[in-house]
Every structure is written in structure tokens, then in C-alpha cells.
Amino acid sequence: MRSARAWSIAGLLVMASWMQAGLADEKPDTLALMKQYPAFVEAIRTTDLNDRAAKVRITLCRSKHDHCEAFETDAGHSGTMADYAYLCAVYDNDCRHGEHAKTKGKNADALIQEAKDKGYGQAVLDYYTTKYDCAQAKDPTACVLHKLYTTAGVHRTIAERDGHTISYVEAGEDGEGDPFGE
Amino acid sequence: MKPWICLGVLVMMAGASAAGIPPALKSTQDIAHVMEIEDLMHGTVLYRVDFCEKGDCDMFQTDAAHVQELADYSQLFLDTHPDYLNATPKQLDPAAVASALSRGAKQYGCAPDKQQTQCVMHALFKAGKLKRYALLQKDATEYEEVDEDGQYIPGGYD
């Protein structure tokens, strides 16, 4: 009896690892990828310990002294939002910090380069193109970004740093309100 | 109890305590919102106590090693800033204030005079490595690091 239970548990563990491996093959872990570029990406989870409500904010910054794109949602949607932020950084001009700034953000460039060279960006994009049925859309990338934005319930702001003050200005999905945007 | 049940219980307990509140900050929840701030890039955790009224807040933050100082400072802050009293989850407990004051006076050698509370608060702010922030809801949301007295700090970010 004990042996049967042990085999059942072992079988479940093997199946779980297969499933995890399968998912990992389909879509890279974007938060893990972004962790390699801490000068470009900040990710903070804030949990109100009184009511257990938790929010995650991912910020893409040109530089420590410049302005940043900030994305926020509840913790339950943080994985989807991380994928959105990653794709936004790689494919959306409004999020490509470093390209328009006078002081180029080398980390931003490096993240984008890695995403292209190693196919991470395409893998994430392909995963969601299928999931959200965006292949036939006029602009499949924009379709995926829009679906991710709405699915994750992203609240987008522009974080402007001035001295010890950070001002969060409402931006909307297209980054409207960004005084430095293209 | 079967070993695998014990293991399951242990795993559940570990999971539940990972995001638990530090014991020193439990009573702080009665007078303010206690926030756990996890840096997902570096894995570090900070704690912040928010005193808010009508969207504007005074917030105090430190690391996990200084939560006792944060807790005691919070009791004394509310006691000296009654404008926040109407916005607390529960009423301020005079015994908790007295306890924080007596613990601090003893630890930092603050004499029992008119300046005792200020002396203890100042010592706690320094010893607890506290940072103070102001959150203002205007046209945009402004989040600003201020000094111990809530005043503007000249200069930029590091």
C-alpha cells in the first residue's frame, strides 16, 4: 500500500516536471530575463499586510536620473504584466528606453539585443500570438501587446524623477502623456 | 501522523509564514497600514508604515532588521500627530505608546523631561535607519523622500 502511494507521488512529480519543462519550452520566464538588467528594469511587489492586497510595479528606466515607464497591476496578474513589459521593451518604440535618450541606456540595448539574438522575444510573442489568436491581425505584435495590457489590467504611468521626488503621471496604454515620447 | 502528512503541514507553514508580518509590527497594524516591499530584482524586503488621510500620506520605511525601531517610532509619531488619529484602523493604545517611550528612553538615555519624546523619536529614527516619504495626490501622484521632520531634501537621487 505504502509502495503504491510512493509510486503515485513519484509519478505525479514526474508529470509536473514534464509539464513545467513543456511550458518553459513554449515561453521564456520574462521576469528572470529582466533580472539580468537591474539598471534598466525595477520590479517591486508591495503587500499591504493589513488586508493582504498586493501590487506589482515594473519600471523601465532610461537612467537613474531620467524618466521611466511604470506598469502596475495586482499580484495575481504580475506574470502577464512581466510578459507585457518585456515585449513592450523589445518591440514597442514607446518603451524602448535608451534609443531616444542622450545618454544611452546600455542595459536596455543589451536586453533588446539578447531578446533578438536568442529568440526570447519571438518565443514570447509566438506564445501569445497563438493564445490570443493574433496571427491574422493587421499588426500581430500590437494585437498581443493590447491583449496582454487589458488581460493584466495594467495601469501605466510615466515616472519622472526630480531630485528626491518621483511624480507618476497617468499615461494610458499608448504611453500618452509621456513628454519625452516619440 | 504519517511522515508525508507532516511534510505537507511543514510546507504549508513555510508558505504561510513567508509573507507574514514581523511580530514587532503586529500592533502597528492597529494604527497604520503596514506594507511589505519586496524588490523582485534583488530579493530584498523592506517594511513601510503608512499614515494616510484623504490620499496624502506620511510613510516610514526600513529593512527587516530594524522593524522594532519602526514599530516604536510609529506609536510615538501618531501620538504626536493627532491629525491622523481619525484615519487609523483602530484607536491609539496609550499603553503601547508608553511602552515604546519607556523602551526608547531606557535604551537611548533620554531624560524624563519635556523633550523626552522628541529625544526618543530622533534616536529611533537614526538607530532604525528610517527613511521618511511623503505621498501627495495632486494632478500627478508625487512620492518624495523627505527628512526626519518631513522637510524637502535638496539634491538628487543617488
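No experiment lies behind these values; they were computed from the predicted model shown. (Residues numbered from 1 in each chain as written. Chains lettered and ligands numbered in written order. Predicted model: local features only at pLDDT ≥ 70, side-chain atom pairs only at ≥ 80, totals over all residues. Heavy atoms only, no water.)

Colleague: Whenever I open this one, helix α5 (residues 120-131) of chain A confuses me. Can you help?
Modeller: Residues that lie three or four places apart on an α-helix share one face, since the helix turns once every 3.6 residues. Residues and elements named next belong to chain A. Helix length check: α5 (12 residues) gives 17 Å between terminal C-alpha atoms against 16 Å at 1.5 Å per residue, within 8%. Among all positions in α5, only Gly121, Val124, Leu125, Tyr128 and Thr129 are buried. Buried residues of α5 fall within an arc of 135° about the axis and therefore sit on the same side. With respect to the buried face of α5, the exposed residues turned more than 90 degrees away are Thr130 and Lys131. Phi turns positive, to about 55°, at aspartate 133, one or two residues after α5. (Helix = DSSP H or I, 4+ residues; strand = E, 2+ residues; numbered from the N terminus. Expected span 1.5 Å × (residues − 1). Buried < 20%, exposed > 50% of the residue type's maximum accessible area, 1.4 Å probe, protein only. Arc of directions from axis to C-beta.)

Colleague: Can you help me understand the side chain of Arg48(B) in this one?
Modeller: Residue and element names in this part refer to chain B. If you trace the backbone, arginine 48 turns up in strand β2 (residues 45-53). Separated by 2.8 Å, the side chains of arginine 48 and aspartate 50 make a polar contact. The contact partners of arginine 48, leaving out residues within four places of it in the chain, are His33, Val34, Met35, Ile37, Met59, Phe60, Gln61 and Tyr143. (Polar contact = N/O pair within 3.5 Å; in protein donor to acceptor, adjacent residues only side chain to side chain. Contact = heavy atoms within 4.5 Å.)

Colleague: In this structure, what is going on with the nonpolar core? I would like to understand it.
Modeller: If you look at soluble globular proteins, the nonpolar side chains tend to sit buried side by side. Ranked by internal contacts, the top residues of the largest apolar core, which has 38 residues, are Ile58(A), Phe71(A) and Leu111(A). Residue assignment for this core shows that the elements contributing at least two residues are α2 (30-34), β1 (41-48), β2 (54-61), α3 (78-91), α4 (106-117), α5 and α6 (140-152) of chain A. In terms of residue count, the dominant contributor to this core is α3(A) (nine residues). Listed in part, the 29 residues of the second largest apolar core include Leu49(A), Val67(B), Tyr84(B) and Val120(B). (Core = buried A, V, L, I, M, F, W, Y, C linked by side-chain atoms within 4.5 Å.)

Colleague: Got a minute to help me understand the interface of chain A and chain B in this structure?
Modeller: The parts lose accessible area when they come together, and the size of an interface is often stated as this lost area. The interface of chain A with chain B comprises 27 residues on the first partner and 30 residues on the second. Buried surface at the junction of chain A and chain B, summed over both partners, amounts to about 2700 Å²; 55% is from carbon and sulfur atoms. Looking at the side of chain A facing chain B, the largest losses of area belong to Leu49(A), Asn50(A) and His164(A), adding up to 28% of the total buried there. At the boundary of chain A with chain B, the tally comes to one salt bridge. Residue Glu38(B) pairs with Arg45(A) through a salt bridge whose shortest N-O separation is 2.7 Å. At the junction of chain A with chain B, the criterion picks out 14 residue pairs in polar contact (both at pLDDT 80 or more). Put simply, the parts of the chain that give the side of chain A that touches chain B at least two residues each are α2, β1 and β5 (165-170) of chain A. If you tally residues by element for the side of chain A that touches chain B, the top one is β1(A), at eight residues. Taken together, the residues of the side of chain A that touches chain B sort by class into 11 nonpolar, eight polar and eight charged. (Buried area = accessible area lost by both parts, 1.4 Å probe. Salt bridge = Lys/Arg side-chain N within 4 Å of Asp/Glu carboxyl O. Nonpolar A, V, L, I, M, F, W, Y, C, P; charged D, E, K, R; others polar.)

Colleague: Even after reading the chapter, I still don't get the confidence of the model for chain B, so can you show me in this structure?
Modeller: For any part of a model where pLDDT is low, the fine detail of the predicted coordinates should not be relied upon. Residue and element names in this part refer to chain B. When pLDDT is averaged across chain B, the result is 88; 86% of the residues are at 70 or more. Note on residues 9-18: pLDDT is under 50 here. Beyond four places in sequence and across chains, it has one contact. Predicted as a complex, the structure gets a pTM of 0.82 and an ipTM equal to 0.85. (pLDDT = per-residue confidence, 0-100.)

Colleague: When you look at the state of the cysteines in this model, what are you seeing that I'm missing?
Modeller: Joining two cysteines, a disulfide is a covalent bond between their sulfur atoms. The full count for this structure, using the stated rule, is four disulfides over all chains. Bridging Cys61(A) to Cys68(A), the disulfide has an S-S length of 2.2 Å. Judged by the sign of its S-S torsion, about 105°, the bond between Cys61(A) and Cys68(A) is right-handed. Residue classification places Cys61(A) among the buried residues on the basis of a relative accessible area of 4%. There is a disulfide in this structure between Cys110(B) and Cys119(B), and the S-S distance comes to 2.0 Å. (Disulfide = S-S within 2.5 Å.)

Colleague: Please clarify how the layout of surface pockets should be interpreted in this entry.
Modeller: Rolled over the atoms, a probe with the dimensions of a water molecule shows which regions are left empty. All names here are of chain A. Here the second largest pocket is characterised by a volume of approximately 150 Å³. Taken together, the elements giving at least two residues each to the lining of the second largest pocket come down to α3 and α6. When residues of the lining of the second largest pocket are assigned to their parent elements, the largest contribution, four residues, is made by α6. Tallied by class, the residues present in the lining of the second largest pocket amount to four nonpolar, two polar and six charged. (1 Å grid on protein atoms, 1.4 Å probe; cavity = no way out; pocket = protein on both sides within 12 Å on 5 of 7 lines; lining within 4 Å. Points joined across faces, edges and corners; volume = space filled by probe spheres on them.)

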